[in-house]
Amino acid sequence: MHARIGDLAALLGGELAGPAELAVTRIAPLESAGPDAICFLANPRYLSQLTSSLAGCVIVAPPMRDLAVARGAAIVCADPYLAFARLTQWWALRIRRPAAPGIHASAIVEPGAVVHPGASVGAMAYIGAGAQLGAGVVIGVQAHVGEYAFIGNDTQIKPRAVLAEGSRIGERGLVHSGAVIGADGFGFAPASGHWEKIEQLGTVRIGNDVEIGANTCIDRGALDDTVIEDGVKLDNQIQIGHNVRIGAHSAFAGCVGVAGSTKFGRHCTAGGAAMILGHLELVDHVHISAATIITRSIHKPGQYTGLFPFDDNASWEKNAATLKQLHTLRERLRALEKKS
Amino acid sequence: MHARIGDLAALLGGELAGPAELAVTRIAPLESAGPDAICFLANPRYLSQLTSSLAGCVIVAPPMRDLAVARGAAIVCADPYLAFARLTQWWALRIRRPAAPGIHASAIVEPGAVVHPGASVGAMAYIGAGAQLGAGVVIGVQAHVGEYAFIGNDTQIKPRAVLAEGSRIGERGLVHSGAVIGADGFGFAPASGHWEKIEQLGTVRIGNDVEIGANTCIDRGALDDTVIEDGVKLDNQIQIGHNVRIGAHSAFAGCVGVAGSTKFGRHCTAGGAAMILGHLELVDHVHISAATIITRSIHKPGQYTGLFPFDDNASWEKNAATLKQLHTLRERLRALEKKS
Amino acid sequence: MHARIGDLAALLGGELAGPAELAVTRIAPLESAGPDAICFLANPRYLSQLTSSLAGCVIVAPPMRDLAVARGAAIVCADPYLAFARLTQWWALRIRRPAAPGIHASAIVEPGAVVHPGASVGAMAYIGAGAQLGAGVVIGVQAHVGEYAFIGNDTQIKPRAVLAEGSRIGERGLVHSGAVIGADGFGFAPASGHWEKIEQLGTVRIGNDVEIGANTCIDRGALDDTVIEDGVKLDNQIQIGHNVRIGAHSAFAGCVGVAGSTKFGRHCTAGGAAMILGHLELVDHVHISAATIITRSIHKPGQYTGLFPFDDNASWEKNAATLKQLHTLRERLRALEKKS
């Protein structure tokens with residue numbers, strides 16, 4: 001694969017500073033790029049990498065134009081990070097072989113399933129009775145689509161992912177390997193020393209343009225459905241409990257957990273390993289820091305944090321011991337204040 | 001599917017207040033129910049939803065009887081939440097198609113495996129040599145049962161779950177998709193700069209009436225077995241290390257981790273993302289709050305907590321900075337006390 | 001299976017104290033061993049178990065020799081834990097049936113894949129086009145090897161693990177069930193209210209002698225590769241983000257998360273559920289305690305900790321309430337100090 005930077009500037013809608021016919025053969029990070037690579041600079045923190053980079057061409061924002069041009073070819077774009085994202089998409093389309101439409105001979109498609117002729121069903125995949133697959137859908141090798149599941153146009157289910165019975169996902173979605181969509185929510189009633197199962201009668205409804213990471217789980221609802229709105233991006237190893245709603249265009253990093261019935265607004269984010277307890281409501285534009293535990297509803301947009309700072313082990317031990325006396329410390333301080 | 005509420009009252013052993021022939025077609029939450037739905041009210045916190053609900057019939061406790069009857073039909077039960085659980089079970093039995101007994105043509109059953117004629121083995125499932133499947137067992141599509149594994153009557157292994165070689169699970173169990181039972185425990189001996197593997201020679205033994213969530217892992221023991229006792233309920237994304245024992249009727253929410261050789265008593269619970277270190281002992285009726293790290297054995301029943309409260313980011317930053325000076329703060333307070 | 005302790009002493013390079021012809025039939029923990037078992041004592045904490053154990057033979061360190069011999073047969077080794085590890089390996093080789101070389105009739109091997117005649121491909125496994133499998137490789141039942149993936153000699157991929165397209169793993173590796181190697185890293189550029197995908201064009205490169213736990217994920221790099229060096233051991237449910245590098249002989253316990261682009265040195269360890277934020281650098285021999293969140297780079301070897309101590313719930317509530325006033329407490333203390 002190789003591309004002329006003139007064509008790339010046109011693709012990205014940027015200003016070309018350099019010879020249009022200069023060819024690049026890969027996209028690379030600034031620090032490891034050679035003359036055959038195109039790079040981007042989005043964060044001014046990495047400015048020093050720009051001047052020393054051997055990259056053939058660099059995508060930069062207008063304020064970096066002069067510095068970039070001083071060292072070689074450049075494409076000047078208003079938002080270099082976004083331009084980079086679009087460049088990776090264009091590149092991927094050209095280096096990846098698209099899945100051939102049709103159903104692999106070893107796949108099993110149950111009677112009553114409707115598979116669009118433009119869909120692709122991989123080897124040893126399973127499509128349950130009554131399932132519907134739209135045009136351009138790609139079902140990976142060994143993937144599982146349960147009965148009456150629905151998959152919108154151009155959505156990809158990667159090898160060995162599970163979309164359980166009745167679950168629905170919209171268009172242009174991407175579900176990574178090992179993800180399990182539509183397993184039972186965790187519901188039990190206590191009954192004289194044992195637990196009585198609450199059958200989970202709802203399902204999972206996922207909007208358009210949603211990406212779901214590897215080994216992430218989204219449970220089906222107890223009575224109503226669990227809902228993931230349009231444009232949501234979930235990283236790997238995430239757990240979404242039953243009857244949760246994630247508002248549109250929210251994005252959660254790896255290992256996040258959301259307990260049952262919690263509702264997120266739109267455009268929220270959660271850092272890695274953040275944990276949100278059940279039955280809470282969070283408004284739009286709430287940003288939760290990594291490893292933070294959310295224990296009550298949040299009514300105001302903003303950044304919320306609650307993580308215990310790490311230290312060398314000896315210092316931590318000293319401070320942690322005092323932690324358990326915090327309340328007493330406050331009492332002692334109050335007593336002193338009264339005296340003085 | 002539709003049901004007469006007279007029949008439901010009889011099923012649940014409750015008092016019917018309303019016309020026996022009134023039909024409902026679904027179970028719904030109070031706030032979204034229409035006249036065709038039956039609902040329950042278990043938590044007095046949601047009392048206001050009762051009076052405004054359009055539900056055709058409501059399951060309530062005796063103290064709520066009058067309020068419920070004032071608005072329409074009701075079934076009065078001592079424990080409405082338990083009644084609701086039983087109703088979902090009855091309902092699920094009627095709307096779900098049972099798996100047909102027999103072995104799907106595409107499944108592979110190795111020589112020496114014993115599959116009860118009343119068991120069902122799904123498409124592309126694998127049953128290893130010497131495995132035993134009891135009556136009413138349902139092995140989901142693409143599921144994996146290792147050699148010499150044992151599955152008691154009426155246990156269901158969902159699509160794409162793994163029960164590795166030699167693992168045993170009792171009757172009426174439910175193992176969700178992506179769960180891995182019987183992978184190696186994590187054991188290595190340090191050996192001059194590298195790690196020498198300790199082969200995991202034990203297995204996993206799971207009792208009756210156990211539910212295991214999607215993508216949950218239970219490792220095999222190093223020498224003795226890892227043991228999950230009767231009636232235990234494990235949510236998704238849980239990690240149970242080698243040689244752990246979980247006492248009967250314990251229930252753990254999603255993302256919990258239990259490190260090797262820890263023993264839980266009976267009737268314990270753990271909130272989401274709680275983490276329990278290895279080689280500890282916890283007595284019966286220990287309840288661990290969400291996101292709490294248990295670092296020593298617990299000899300007394302009760303609720304245990306240790307999570308860092310979240311705050312808006314600016315407030316957290318201020319307090320977190322002080323955290324590292326806690327020990328010094330205590331010293332300074334002591335000095336002042338001496339002076340005064 | 002049974003073994004003469006004389007042979008075991010020779011195998012382990014230890015001194016035999018007892019009759020060489022004494023036979024043992026299993027390896028067991030000290031406290032549950034019978035006369036047919038061989039045990040080890042590595043931790044002096046368990047010394048009391050030695051004297052009361054019924055074990056036929058015990059592996060001990062030289063200082064324990066007399067105590068061990070007083071109760072029966074013993075093998076004296078400089079490092080009993082390491083000797084135990086090697087004994088389990090020797091034992092496992094004898095009780096486990098090796099996978100037969102060859103490709104199961106139900107496996108699918110795409111044209112252009114190169115499978116060494118000494119490799120074994122299990123039932124319903126999938127080998128993508130252009131993949132290469134070395135001698136002694138064992139691909140488990142229903143496992144997935146993507147196109148152009150590379151697997152070095154004697155590496156085992158357990159049932160239902162995924163090694164996605166282009167991923168590489170060296171020799172003598174072990175990848176457990178449900179692991180997903182090579183799913184997309186989590187990369188999106190914000191674009192006027194939605195997220196624009198950054199296609200992940202790198203891959204995953206794993207060295208020799210690496211073990212990867214059940215349901216663990218290692219994401220492919222965005223441009224460059226994600227790298228796991230030789231001898232690394234990863235437990236279950238771990239998340240490794242894109243472009244992470246884990247230095248040789250590091251070992252991470254279950255549920256650890258490492259965010260994108262973080263670089264670990266060699267010989268590092270992380271306790272269960274430790275979480276390491278992205279774009280950090282950690283030098284060799286950094287040891288992170290369980291449940292600790294690493295938020296900045298670490299330039300000095302040592303043990304680092306940051307976990308909130310648990311308490312009974314009532315005590316925790318009292319102290320947690322004071323936590324949010326920590327900064328104010330410090331101000332009040334300062335005011336008092338000025339006065340006094």
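Scroll up to find the structure.
Each value, and the rule that gives it
Residues numbered from 1 in each chain as written. Chains lettered and ligands numbered in written order. Predicted model: local features only at pLDDT ≥ 70, side-chain atom pairs only at ≥ 80, totals over all residues. Least-squares fit on C-alpha atoms with pLDDT ≥ 70 in both. Buried ≥ 20, exposed ≤ 12 C-beta atoms within 10 Å, placed from the backbone. Helix = DSSP H or I, 4+ residues; strand = E, 2+ residues; numbered from the N terminus. Right-handed = clockwise from strand over helix to strand, strands pointing away. Pairing = 2+ DSSP bridges. Contact = placed C-beta atoms within 7 Å. Nonpolar A, V, L, I, M, F, W, Y, C, P; charged D, E, K, R; others polar. Arc of directions from axis to C-beta.

Undergrad: Would you mind going over the relation of the copies chain B and chain A in detail, with residue names and values included?
TA: Expressed as a screw transformation, the operator carrying chain B onto chain A has a rotation angle of 120° and an axial translation of 0.0 Å, and the superposed copies differ by an RMSD of 0.0 Å. Both chain copies can therefore be described as sitting about a three-fold axis.

Undergrad: Run through the pairing of strand β6 (residues 57–60) of chain A, naming residues and quoting values.
TA: Residue and element names in this part refer to chain A. Burial along β6 is two-sided: Cys 57 and Ile 59 facing one way and Val 58 and Val 60 facing the other are all buried. Regarding topology, helix α2 (residues 47–52) serves as the crossover connection from strand β5 (residues 37–40) to the parallel β6, and that connection is right-handed. Bridging between β6 and strand β7 (residues 73–76) involves 4 bridges; their strand directions are parallel. Looking at β7, one finds that Cys 57 is bridged to Ala 73. Between the parallel pair β6 and β7, the chain is carried across by helix α3 (residues 65–71), and the sense of this crossover is right-handed.

Undergrad: With reference to specific residues and values, describe the interface of chain C and chain A.
TA: The interface is formed by 60 residues belonging to chain C together with 58 residues belonging to chain A. For the side of chain C that touches chain A, the elements supplying multiple residues, two or more each, are β22 (188–191), β23 (194–197), β38 (293–294), β39 (302–305), α5 (313–323) and α6 (326–339) of chain C. A breakdown of the residues in the side of chain C that touches chain A according to their chemical character gives 29 nonpolar, 20 polar and 11 charged. Examined bridge by bridge, strand β40 (residues 311–312) of chain A and β39 of chain C share 2 bridges and lie antiparallel to one another. Opposite Asp 312 of chain A, over in β39 of chain C, you have Tyr 304 of chain C as the bridge partner.

Undergrad: Before we move on, could you go through the interface of chain B and chain A and cite the residues and values that matter?
TA: Counting from both sides, the interface comprises 58 residues of chain B and, opposite them, 60 residues of chain A. For the side of chain B that touches chain A, the secondary-structure elements that each account for two or more residues are α4 (80–95), β40 (311–312), α5 (313–323) and α6 (326–339) of chain B. Tallying contributions element by element places α4 of chain B first for the side of chain B that touches chain A, with 9 residues. Looking at the side of chain B that touches chain A residue by residue, the classes come out as 30 nonpolar, 19 polar and 9 charged.

Undergrad: Any chance you could break down helix α1 (residues 5–12) of chain A for me, citing the residues and the numbers?
TA: Along an α-helix, residues three or four positions apart point the same way, because every turn accommodates 3.6 residues. Residue and element names in this part refer to chain A. Where α1 is concerned, the buried positions are Ile 5, Leu 8, Ala 9 and Leu 12. End-on view of α1: buried residues confined to an arc of 100°, all on one side of the axis. Following α1 by one or two positions, Gly 13 has its phi on the positive side, about 65°.

Undergrad: Explain the pairing of strand β39 (residues 302–305) of chain B to me, using residue names and the numbers behind them.
TA: In this structure, strand β37 (residues 286–288) of chain B lies alongside β39 of chain B, joined through 3 bridges in parallel fashion. Its bridge partner being in β39 of chain B, His 287 of chain B is matched across the sheet by Gln 303 of chain B.

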